[in-house]
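Fold and contact review
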Amino acid sequence: MDDLALLVDLHIGNDRQGPGSDAMTRRALSLAGLSPDPSLRVADIGCGTGAASLVLARDLGCPVTAVDFLPQFLARLADRARAAGLADRITPLAASMEALPFAPESLDLIWSEGAIYNMGFTSGITEWRGFLRPGGVLAVSELTWLTQDRPAALEAHWTAQYAEVAPASAKIAALEAAGYRLLGYFPLPRDAWMAQYYDPLQRGMADFLARHDSEAARQIAKAEAAEIALYEANAAHVGYGFYVAQRL
Ligand code: SAH
């Protein structure tokens, strides 16, 4: 099994594939200022197994196009949507976030939790803007420095993983430069990382290693453990910011 297949196997059974929580999805949704309306058009980009898609479809009462490039995650999302009685509102779509098939100005809301980094924040907010109608809303969570002074090892790790990691002020400036007005920002709390994301991953790790007796699987487990330890030691300095902004 290659690394991608191993990562899919490690993550597919969990409710989330990145930090976040239903409560924080709802907090960001309240900043978006949209009322439930079946005529809204919403896309969840990099949806994974669909934690946010399910909340959006339920709370807004509208169709949600759930986009991911991994069909395995979309199949799990379809199962979850059926179980939640939301299958008629959620349309899974296998596509790259860098080549979305939406018509210009066709969406009222673009949602993306823990995924825009795959194409880079600046590219994502710039390219996706064209799919929003003027006045439409973008809500994204993104790796963010929470303090000015950071341990050098922490800075080195995350800068190597993601060159665009930056303080919220820089992310907000990028949104303004790209033609958005900020509606709100908040950092995700620690439990959105630990209780919602890392703890379930850790609980599944022994079974994962039992399923895959390979060096590649052991390397993945080691890297996850190192990332979790780094986060736990530095949660004051680094986290996800949730940015909600309106297209001008
Ligand atoms: N939003 C989900 C998943 C976050 S993990 C959650 O918060 O739980 C990031 C997701 O982005 C993964 O599901 C991954 O398959 C997807 N992804 C990564 N690169 C992508 C790309 N280029 N196009 C579409 N989806 C992508």
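Residue positions are given per chain, counted from 1 along the sequence in the order it is written. With pLDDT at 70 or above as the cut-off, local features in this predicted model cover only qualifying residues; side-chain atom pairs require 80 or more to be listed or tallied, and sums for whole chains, interfaces and linings still use all residues. By convention in this description, side-chain values take in all heavy atoms of the structure and omit both hydrogens and water.

Description of the overall build of the protein
Under the DSSP-based scheme used, a helix requires at least four consecutive residues in state H or I and a strand at least two consecutive residues in state E, with every element numbered from the N terminus. Looking only at helices and strands, the protein features nine helices and eight strands. Restricting the calculation to C-alpha atoms gives the radius of gyration, and the globule rule supplies 2.2 Å times the number of residues raised to the power 0.38. Taken against the 2.2 N^0.38 rule, which gives 18 Å for 248 residues, the C-alpha radius of gyration of the protein at 18 Å falls within 12% of a compact globule. Its C-alpha atoms give the protein principal-axis dimensions of about 50 × 45 × 30 Å. Residues are treated as being in contact if the distance between any of their heavy atoms lies within 4.5 Å. Within the protein, contacts between residues at least 6 apart in sequence are counted, and of these 77% link residues at least 24 apart. All accessibility values rest on the Shrake-Rupley procedure with a 1.4 Å probe; residue burial counts only the protein chains present in the view. If you sum the accessible surface of the protein, you get close to 10,800 Å²; carbon and sulfur atoms cover 53% of it. Under the convention used here, Asp and Glu are negative, Lys and Arg are positive, and both His and the chain ends fall outside the count. In this description, the location of a charge corresponds to atom NZ of lysine, CZ of arginine, CG of aspartate or CD of glutamate. If you average the places of the 20 positive and of the 29 negative side-chain charges in the protein, the two averages end up 5 Å apart.

Re the site of the ligand
We call a residue near a molecule or strand as soon as one heavy atom of that residue lies within 4 Å of the molecule or strand. The ligand sits among 17 residues. The nearest are Gln-17, Gly-46, Asp-68, Met-97 and Glu-113. N or O atoms within 3.5 Å of each other form a polar contact, as long as, within protein, one can give a hydrogen and the other can take it, and as long as residues adjacent in sequence are counted only when both atoms are side-chain atoms. Residue Phe-69 places a main-chain N or O atom 3.3 Å away from a nitrogen atom belonging to the ligand. Contact distances for the ligand include 2.9 Å between a nitrogen atom and a backbone N or O atom of Glu-113. Relative to its unbound accessible area of 570 Å², the ligand is 92% covered by the protein chains. Residue classes in the shell around the ligand are distributed as seven nonpolar, seven polar and three charged. Residues are grouped as follows: Ala, Val, Leu, Ile, Met, Phe, Trp, Tyr, Cys and Pro are nonpolar; Asp, Glu, Lys and Arg are charged; every other residue, Gly included, is polar.

Observations regarding the confidence of the model for the protein
Scored from 0 to 100, pLDDT reflects the predictor's confidence in each residue. Across the protein, the average pLDDT comes to 97, with 100% of residues at or above 70. Least confident of the elements in the protein is helix 6 (residues 152-161), whose mean pLDDT is 95; most confident is strand 4 (residues 107-112), at 99.

Let's talk about the nonpolar core
Counting residues in hydrophobic clusters, the biggest one holds 79 residues, and the most contacted among them are Ile-45, Leu-60, Leu-109, Trp-111, Trp-128 and Leu-138. Counting residues per element, this core draws most heavily on helix 8 (residues 190-211), at eight residues. Those residues in contact with Leu-109 that lie beyond four places of it in its chain are Leu-29, Leu-34, Arg-41, Val-42, Ala-43, Leu-56, Leu-60, Leu-132 and Val-137. Side-chain atoms within 4.5 Å are what join buried Ala, Val, Leu, Ile, Met, Phe, Trp, Tyr and Cys residues into a set we call a nonpolar core. Using a 1.4 Å probe on the protein chains alone, a residue whose accessible area is under 20% of its type maximum counts as buried, one over 50% counts as exposed, and one in between counts as partly exposed.

Observations regarding the side chain of Arg-247
As for its position among the elements, Arg-247 is in strand 8 (residues 238-247). In this structure the side chain of Arg-247 is engaged in a polar contact, spanning 2.8 Å, whose partner is the backbone oxygen of Leu-132. Residue contacts for Arg-247: discarding those within four places in its chain leaves Glu-105, Arg-129, Gly-130, Leu-132, Arg-133, Pro-134, Gly-135, Gly-136, Gly-179 and Tyr-180.

Quick look at the packing of aromatic side chains
Only Phe, Tyr and Trp rings take part, Trp by its six-membered ring, and two of them pair if their centres are within 6.5 Å. Stacked means planes under 30 degrees apart, edge-to-face means over 60, and tilted covers everything else. With the rule as written, the count across this model stands at 11 aromatic pairs. Between the aromatic rings of Trp-193 and Tyr-240, the centroid separation amounts to 5.1 Å while the plane-to-plane angle is 70°, which identifies the pairing as edge-to-face. Here Trp-193, found in helix 8, pairs with Tyr-240, found in strand 8; they are 47 residues apart in sequence, far enough to count as distant. Across the pair, exposure class does not vary: Trp-193 and Tyr-240 are buried alike. Both rings, one in Tyr-197 and one in Tyr-198, keep their centres 5.0 Å apart while their planes meet at 35°; by these two values the pair is tilted. Both residues of the pair, Tyr-197 and Tyr-198, belong to the buried class. Here a set of aromatic residues connected by ring pairs shows up, and it is made of Trp-193, Tyr-197, Tyr-198, Tyr-231 and Tyr-240. Over the ring of Phe-186 we find Arg-27, and its NZ or CZ is 4.2 Å from the ring centre. In our convention, an over-ring charge means Lys NZ or Arg CZ found within 6 Å of a ring centre and within 35 degrees of that ring's normal.

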